[in-house]
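The primary structure of each chain is shown beneath.
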Amino acid sequence: MGQNDLMGTAEDFADQFLRVTKQYLPHVARLCLISTFLEDGVRMWFQWGEQRDYINTTWNCGYLLASCFVFLNLLGQLTGCVLVLSRNFVQYACFGLFGIIALQTIAYSILWDLKFLMRNLALGGGLLLLLAESRSEGKSMFAGVPTMRESSPKQYMQLGGRVLLVLMFMTLLHFDASFFSVLQNIVGTALMVLVAIGFKTKLAALTLVIWLFAINVYFNAFWTVPVYKPMHDFLKYDFFQTMSVIGGLLLVVALGPGGVSMDEKKKEW
């Protein structure tokens, strides 16, 4: 079987997968996307004291402000999740969750940790795609009315979302000489570039979903670590952040790359 035949077979599989799952894939994508916010909001409730003490110790801001920070995170994240899942005021929910990401980036000093910063940016990319989807739904009521200019912001949001999503995979690259690591880096980088430029986008995004899910289950198996160990919370945090990026990639699979992509430009050739 030639390379073109193999690529064609893979694309046929991706198209068949999309046809079979198109009814519920966006719902699964949204659930995955907000999973890290849902988990973190619940954690704020059960670890209220620990989170408050951490913020107070780090910033020396007093118990009142530290408690307000924890409450804002809890309320903002859980409310945003409910709105996204119920598909009510999704745009406002996305802006609120963007605010939570920015707040946590500063409060937990993520700004100075490149790995966590890139993962937070990837999470923001997923929210951009969700925001683009909500704009698409909002315009669907005017079916048949040309909206080329109005949809331009949506197309650029999809482009920005795709580019930010691939930052997650840059944190997974391993710089050692083993064959598996080199192969993983080459294949992963190629898929990242395809998603970013929007070429063979659905196939590349679906492949990344499968790869990232396998890596996530293998390396972030928090359920195998006792709850009282700090590593449990660390792995749990990583697991749900990765699931949110998977959700963003599933939105790419479901919605396509948008107008600013090579796949879209190919239709004009």
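Reading the values: rules and limits
- Residues numbered from 1 in each chain as written.
- Predicted model: local features only at pLDDT ≥ 70, side-chain atom pairs only at ≥ 80, totals over all residues.
- Heavy atoms only, no water.
- Helix = DSSP H or I, 4+ residues; strand = E, 2+ residues; numbered from the N terminus.
- Buried < 20%, exposed > 50% of the residue type's maximum accessible area, 1.4 Å probe, protein only.
- Contact = heavy atoms within 4.5 Å.
- Areas by Shrake-Rupley, 256 points an atom, 1.4 Å probe, with all protein chains shown as cover.
- Axes fitted to C-alpha atoms, helices over the stretch in contact; angles between N-to-C directions.
- Parallel < 35°, antiparallel > 145°, perpendicular 65-115°, else oblique.
- Left-handed = near helix turned anticlockwise from the far one by under 90°.
- Salt bridge = Lys/Arg side-chain N within 4 Å of Asp/Glu carboxyl O.
- Expected span 1.5 Å × (residues − 1).
- Core = buried A, V, L, I, M, F, W, Y, C linked by side-chain atoms within 4.5 Å.
- UniProt positions renumbered as here; feature names shortened; annotations may be inferred.

**Student:** Outline the overall build of the protein chain, supporting the account with residue identities and numerical values.
**Tutor:** Within the protein chain, the secondary structure is distributed over 12 helices and zero strands. When the 269 residues of the protein chain are sorted by exposure, 45% land in the buried category. Counting only contacts in the protein chain whose residues sit at least 6 apart along the sequence, the fraction spanning at least 24 positions is 72%. Only carbon and sulfur atoms are counted for the fraction: they give 69% of the accessible area of the protein chain, which is about 14600 Å².

**Student:** Lay out the packing of helix α3 (residues 48–59) against helix α4 (residues 62–86) with the relevant residues and their values.
**Tutor:** In contact at an axis separation of 8 Å, α3 and α4 are set at 125° when each is read in the N-to-C sense. Put simply, α3 runs oblique to α4. Here the hand of the crossing between α3 and α4 comes out right-handed. Seen from α3, the contacting residues are W48, Q51, R52, D53, I55 and N56; seen from α4, they are G62, Y63, A66, S67, F69, V70, F71 and L74.

**Student:** Explain the pattern of salt bridges to me, using residue names and the numbers behind them.
**Tutor:** Enumeration over the complete set of coordinates arrives at five salt bridges. One salt bridge connects R43 with E39, and the closest N-O pair in it is separated by 3.6 Å. Pair noted here: R43 and E39 are both in helix α2 (residues 25–46), with a separation of four residues, about one helical turn. Since its relative accessible area comes to 18%, R43 is described here as buried. One salt-bridge network, held together by shared partners, links E39, D40 and R43.

**Student:** Please set out α4 residue by residue, giving values where relevant.
**Tutor:** Since there are 3.6 residues in each turn of an α-helix, residues three or four apart along the chain are aligned in direction. Relative to the 36 Å expected for 25 residues at 1.5 Å per residue, α4 spans 36 Å between its end C-alpha atoms, a close match to the ideal helical length. A66, S67, F69, V70, N73, L74, Q77, G80, C81 and V84 are the residues of α4 that are buried. R87 occupies a position one or two residues after α4 and carries a positive phi of about 60°.

**Student:** Can you explain the environment of S261? Please cite residues and give values.
**Tutor:** Note that S261 resides in the loop between α11 (230–255) and α12 (262–266). For the pair S261 and L159, spaced 102 residues apart in the sequence, the C-alpha separation amounts to 7.5 Å. Once residues within four sequence positions are removed from consideration, S261 is found in contact with R162, I197 and G198.

**Student:** So what's going on with the nonpolar core? Which residues, and what values?
**Tutor:** Ranked by size, the top nonpolar core spans 55 residues in total, and within it L130, F169, L212 and L249 carry the most contacts. Top element by residues in this core is α11. It accounts for 11 residues. Beyond its immediate chain neighbours, meaning those up to four positions away, L212 contacts M168, F169, L172, T242, V245, I246 and L249.

**Student:** Talk me through the UniProt feature "transmembrane region" (unreviewed entry) in the protein chain; I want residue IDs and the actual numbers.
**Tutor:** The feature "transmembrane region" (unreviewed entry), as given by UniProt, occupies residues 63–85, 92–111, 179–199, 206–227 and 239–260 in the numbering adopted here. Structurally, residues 92–111 is divided into 80% helix and 0% strand, and its ends, taken at the C-alpha atoms, are 25 Å apart. Within the segment residues 239–260, helix and strand shares are 77% and 0% respectively, and the terminal C-alpha atoms sit 31 Å apart.

**Student:** Kindly report on the environment of I186, identifying the contributing residues and their values.
**Tutor:** Assignment of secondary structure puts I186 in helix α9 (residues 179–197). Judged by its relative accessible area of 53%, I186 is exposed. With 13 residues separating them in the primary sequence, I186 and L173 have C-alpha atoms 9.3 Å apart.

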